[in-house]
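# Observations on chain architecture
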Amino acid sequence: MRIVDARARPPLRPFRIAYEDRARELAVASLESRGWTAPASLVEADEELFRAEIAAAGIAMVGLPARVPNGLWDHSDGEEVLAVVGREPEVFFAYLAVDPADPGAAATVARHAAAGARGIVVEPCLCDPPRALDDPASDAVFEACEEVGLPVLLMAGGEAGEDIGHFHPLALERLAKRFPRVQLVSVHAGWPWVQESVGVAFRRPNVWLMPDCYFPNCPGQDDYVAAASTYLQDRFLFASGYPYSPAAAAVRAYAELGFSDEVLAKIMGANAIRLFGLAA
């Protein structure tokens, strides 16, 4: 089984802001509040410890998400993400970000595709001012993603913005209906609206769920498991959301959730390999 951690922000240069003292303390506290033990790589903010941890867990590849500057979360420079991937393409792959409020966002999508992005990060809830996932003002971005054939990673749950109403699954439902040929990855999988999110994924075959740091060890776990074991087994993605969950411990936890070997292989890597066009 080839394991792909589809979204993590390890202690590498593009994510250095997340490992400043206070930010690291908050990540440790959040992780421990959900029943995890903070890994040494997070406590020490150590790149080599992270590499050792994923190697021991059997994680073959890790998706690195860029993020545009915003007023709520730290940003991650796309050029720095690409530099990491360029040095180690056998381990890392890149998602590059666009600001849907930028008038030139559609052209940026085309440039990102040419640069080798495996997906486009779109976070409408972090715009200034924030907007809902399905706000028509963002349509040019989704049209551009459809044109270049790249999936979109939508931050659509958890701490996705000041107003959680902006990422309610109803907005994802409407967006998925409007752009049926765009593969939409719900990062954080709509948590805390778990049943609504798995319901949208049932109705819309272009919706994928990536609960990352909100699964397992959070309310709604059984609903995600039920969906991923059945109709969603080909559109459910393993991601640790590191540093907000420990990558190695997350691999072990998934193995203990009762998935069949066939389903587990899909969730842990095969689905990501297919969606993002990775080496099998």
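Residues numbered from 1 in each chain as written. Predicted model: local features only at pLDDT ≥ 70, side-chain atom pairs only at ≥ 80, totals over all residues. Heavy atoms only, no water.

Of the two faces of strand S7 (residues 207-210), the one holding Val207 and Leu209 and the one holding Trp208 and Met210 are both buried throughout. Of the strand pairs in this sheet, strand S6 (residues 184-187) and S7 are connected by four bridges, and their pairing is parallel. Counted as the bridge partner of Val187 is Met210 from S7. What joins S6 to S7 is helix H8 (residues 194-203), and the crossover it makes is right-handed. (Buried < 20%, exposed > 50% of the residue type's maximum accessible area, 1.4 Å probe, protein only. Helix = DSSP H or I, 4+ residues; strand = E, 2+ residues; numbered from the N terminus. Pairing = 2+ DSSP bridges. Right-handed = clockwise from strand over helix to strand, strands pointing away.)

A few words now on the pattern of salt bridges. A side chain with one charge can pair with a side chain of the opposite charge if their charged atoms come near. If you walk through the whole model with that rule in mind, you get 14 salt bridges. Glu88 is the salt-bridge partner of Arg51, the closest N and O atoms lying 2.6 Å from each other. Of the two residues, Arg51 is situated in helix H3 (residues 47-57) and Glu88 in the loop between helix H4 (78-87) and strand S3 (92-98); the sequence distance between them amounts to 37 residues. Across this residue pair, the class does not change: Arg51 and Glu88 are buried. Here the salt bridges share partners, and the residues they tie into one network are Glu47, Glu48, Arg51 and Glu88. (Salt bridge = Lys/Arg side-chain N within 4 Å of Asp/Glu carboxyl O.)

Attention now goes to the sheet that holds strand S1 (residues 3-5). Each strand in a sheet pairs with another by means of backbone hydrogen bonds, the pair being arranged parallel or else antiparallel. The parallel open sheet is built from seven strands, whose spatial order is S1-S2-S3-S4-S5-S6-S7. Looking at which strands have only one partner, the edges of the open sheet turn out to be S1 and S7. Averaged over neighbouring strand pairs, the angle between their axes works out to 25° when direction is ignored. Pairing between S1 and strand S2 (residues 59-65): three bridges, direction parallel. Across the sheet, Asp5 pairs through a bridge with Val62, a residue of S2. The sheet contacts of helix H7 (residues 169-178) involve strand S5 (152-155), S6 and S7, and relative to S6 the element is tilted by about 165°. (Axes fitted to C-alpha atoms, helices over the stretch in contact; angles between N-to-C directions. Contact = heavy atoms within 4.5 Å.)

Mapped onto the elements, Pro103 comes out in the loop between S3 and helix H5 (105-115). Given a relative accessible area of 86%, Pro103 falls into the exposed group. A C-alpha to C-alpha distance of 9.7 Å links Pro103 and Val141, two positions 38 residues apart in sequence.

Along S5, one buried face is formed by Val152 and Leu154 and the opposite face, lined by Leu153 and Met155, is buried too. Here strand S4 (residues 119-122) pairs with S5 via three bridges, running parallel. Looking at the pairing, Val122 lines up with Leu154 of S5. Read as a crossover between parallel neighbours, the route from S4 over helix H6 (residues 139-148) to S5 is right-handed. In terms of strand pairing, S5 meets S6 through four bridges, oriented parallel. Note that in S6 the partner of Leu154 across the bridge is Ser186. For the crossover that starts at S5, traverses H7 and ends in the parallel S6, the hand is right-handed.

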